[in-house]
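Okay, here's what each chain looks like letter by letter:
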Amino acid sequence: MGRGRQKAKHTKVARELKYFSPETNYGALERELSTGQNDGEDYEDRWADQYGPEPLDEGDELETQQDQNKSA
């Protein structure tokens with residue numbers, strides 16, 4: 001396919017996508033959004049077992065050591 005035909009095809013597809021407006025089912029959208037309400041308490045990190053705990057930054061370790069020295 002030549003560059004002219006390819007560009008014309010892409011232009012046609014882009015124009016169809018730009019002006020395409022599907023019928024929106026607002027009832028289904030409302031149900032979908034209302035069922036997912038939670039405070040994040042049920043959040044489960046599905047990759048936590050694979051990567052383990054997040055390492056501390058160097059500054060975090062120093063602060064932790066200083067806090068331990070103060071309490072001892």
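Nothing here was measured: the structure is a model prediction, and the numbers come from that model.

Engineer: Would you mind going over the overall build of the chain in detail, with residue names and values included?
Structural biologist: Of regular secondary structure, the chain possesses 4 helices and 0 strands. Across the chain, helices and strands are ordered from the amino to the carboxyl terminus as α-α-α-α. A total of about 7800 Å² of accessible surface is found on the chain, and carbon and sulfur atoms cover 48% of it.

Engineer: Before we move on, can you summarise helix α1 (residues 3-19) with the specific residues and values?
Structural biologist: An ideal rise of 1.5 Å per residue puts 24 Å on 17 residues; α1 measures up with 24 Å between its terminal C-alpha atoms. Among the 17 residues in α1, 0 count as buried, and that is only a small part of the element.

Engineer: Pulling in residues and values, what's your account of the environment of Ser34?
Structural biologist: Considering the arrangement of structural elements, one finds Ser34 in helix α2 (residues 26-35). A distance of 3.1 Å separates a polar side-chain atom of Ser34 from the backbone oxygen of Arg31.

Engineer: Pulling in residues and values, what's your account of α2?
Structural biologist: Little of α2 sits inside the fold, with 0 of its 10 residues counted as buried. Where α2 begins, one side-chain oxygen reaches toward the backbone nitrogen of Gly27, 3.3 Å away; that side chain belongs to Asn25.

Rules behind the numbers
- Residues numbered from 1 in each chain as written.
- Predicted model: local features only at pLDDT ≥ 70, side-chain atom pairs only at ≥ 80, totals over all residues.
- Heavy atoms only, no water.
- Helix = DSSP H or I, 4+ residues; strand = E, 2+ residues; numbered from the N terminus.
- Areas by Shrake-Rupley, 256 points an atom, 1.4 Å probe, with all protein chains shown as cover.
- Expected span 1.5 Å × (residues − 1).
- Buried < 20%, exposed > 50% of the residue type's maximum accessible area, 1.4 Å probe, protein only.
- Polar contact = N/O pair within 3.5 Å; in protein donor to acceptor, adjacent residues only side chain to side chain.

Keep in mind that these numbers describe shape and distance, not what the molecule does.
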